[in-house]
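# Commentary on secondary and tertiary structure
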Amino acid sequence: MPLAERLAHVQCAIADHPPQCLLAASKHVTAETLRGAYALGLRHFGENYLQEALDKQTALRDLDGVVWHFIGRIQRNKTAALARHFDWVESVDRPLIAERLHAARAGMVAPLNVLIEVAISGEGSKGGCAPEEVPVLALAISRLSHLRLRGLMALVHPQPERAGADFRRMAELFLTLQQTQVHADLDTLSMGTSADYLQALQLGATEIRLGTILFGTRTQESL
Ligand SMILES: *Cc1c(COP(=O)(O)O)cnc(C)c1O
């Protein structure tokens, strides 16, 4: 199915609950495909791998208004490039990473938008901080002037019957953060993927990150 049809299907499904941000999770999608996505009106692209993202950014530098989000695991030696080449980093999960992003963002006009990634499903293989670490990390980030804390991000449990509980806990964490960090611009709860974006929206997501449902399945070799 062409991308235009896939996107129309999603837009129809979310018409009652449109998110602030529909992010195209574009790992292993070619720059050419993203150019097509841009032509269909998508502006937010989420990448997981730094070098792959930089290559696409170079190929698409003629397009105005693309907003690049980093949603992958962060290695400390990549923080400088992430701070310089992205508008958002959604996977901040420890103070050291926040401090390094802050230092590398100095000298750029706009602060870097960041989300704290929370390991809400308790599956150890995924990134993210523990839910109880969120308040301390949020406070640390709020003191870093080159970062702008915008909210929380999570990947929930793949089993639908457990995903709902994870979404609810994320919504609670987000609300608590908004009530305690009153000076921050906390407007973003990024959760929900192709498998569960409707449920995520019903339970409070303001941003959904869609890959497979827009682009089909792809592997690294698709590039
Ligand atoms: C790949 C990815 C997505 C999109 O997942 P799909 O199931 O392809 O929609 C969302 N979030 C993160 C962090 C991802 O790595």
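Structure's up top.
Description of the structure in this document. (Residues numbered from 1 in each chain as written. Predicted model: local features only at pLDDT ≥ 70, side-chain atom pairs only at ≥ 80, totals over all residues. Heavy atoms only, no water.)

## Thoughts on the environment of Gly 72
Position of Gly 72 among the secondary structure elements: in the loop between β3 (67-70) and α4 (79-85). A C-alpha to C-alpha distance of 19 Å links Gly 72 and Val 134, two positions 62 residues apart in sequence. The contacts of Gly 72, once residues within four sequence positions are left out, are Glu 47, Asn 48 and Ser 91. (Helix = DSSP H or I, 4+ residues; strand = E, 2+ residues; numbered from the N terminus. Contact = heavy atoms within 4.5 Å.)

## Notes on empty space enclosed by the protein
Under the defined criterion, the tally for this structure stands at 1 cavity of 30 Å³ or more. Of the pockets and cavities examined, the largest cavity occupies roughly 40 Å³. What lines the largest cavity is Glu 117, Val 118, Ala 119, Ile 120, Ser 121, Lys 126, Gly 127 and Leu 155. Here the residues of the lining of the largest cavity are counted per class, giving 4 nonpolar, 2 polar and 2 charged. (1 Å grid on protein atoms, 1.4 Å probe; cavity = no way out; pocket = protein on both sides within 12 Å on 5 of 7 lines; lining within 4 Å. Points joined across faces, edges and corners; volume = space filled by probe spheres on them. Nonpolar A, V, L, I, M, F, W, Y, C, P; charged D, E, K, R; others polar.)

## What about the pattern of salt bridges?
A complete count under the given rule lists 7 salt bridges for this structure. In this structure, Arg 35 and Asp 62 form a salt bridge, with 3.0 Å as the shortest nitrogen-oxygen distance. Residue Arg 35 is located in helix α2 (residues 31-39), and its partner Asp 62 is located in the loop between α3 (50-59) and β3; the two are separated by 27 residues in the primary sequence. Overlapping salt bridges bring together Glu 47, Glu 52 and Lys 56 as one network. (Salt bridge = Lys/Arg side-chain N within 4 Å of Asp/Glu carboxyl O.)

## Thoughts on the layout of surface pockets
Counted as a void, the largest pocket has a volume near 510 Å³. Considering only residue class, the lining of the largest pocket consists of 10 nonpolar, 10 polar and 7 charged.

## A word on α2
Because an α-helix packs 3.6 residues into every turn, residues spaced three or four apart end up facing the same way. Listing the buried residues of α2 in full gives Ala 31, Leu 34, Ala 37 and Tyr 38. What you see down the axis of α2 is that its buried residues fit within an arc of 105°, all on one side. Looking at α2, the residues exposed on the side facing more than 90 degrees away from the buried face are Glu 32 and Ala 39. Gly 41 sits one or two residues past α2 and shows a positive phi near 105°. (Buried < 20%, exposed > 50% of the residue type's maximum accessible area, 1.4 Å probe, protein only. Arc of directions from axis to C-beta.)

## Details of the nonpolar core
With 65 residues, the main nonpolar core has Ile 116, Leu 152 and Leu 214 as its most contacted residues. Looking at which element gives the most residues to this core, the answer is helix α7 (residues 160-180), with 6 residues. Apart from residues no more than four positions distant in its own chain, Leu 214 is found in contact with Leu 3, Arg 6, Leu 7, Val 10, Leu 22, Ala 24 and Leu 42. Counting 8 residues, the second-largest nonpolar core is a separate cluster that includes Cys 21, Val 67, Ile 71 and Leu 115. (Core = buried A, V, L, I, M, F, W, Y, C linked by side-chain atoms within 4.5 Å.)

## Things to note about the pairing of strand β1 (residues 21-25)
Side chains on a regular strand alternate between the two faces of the sheet. Across the 5 residues that make up β1, a large majority, 5, are buried. Neither face of β1 is exposed, since Cys 21, Leu 23 and Ala 25 on one face and Leu 22 and Ala 24 on the opposite face are all buried. Pairing of β1 with strand β8 (residues 207-210) involves 4 bridges; the strand directions are parallel. Along β8, the bridge assignment pairs Leu 23 with Arg 209. In this structure, β1 lies alongside strand β2 (residues 44-47), joined through 3 bridges in parallel fashion. Across the sheet, Ala 24 pairs through a bridge with Phe 45, a residue of β2. (Pairing = 2+ DSSP bridges.)

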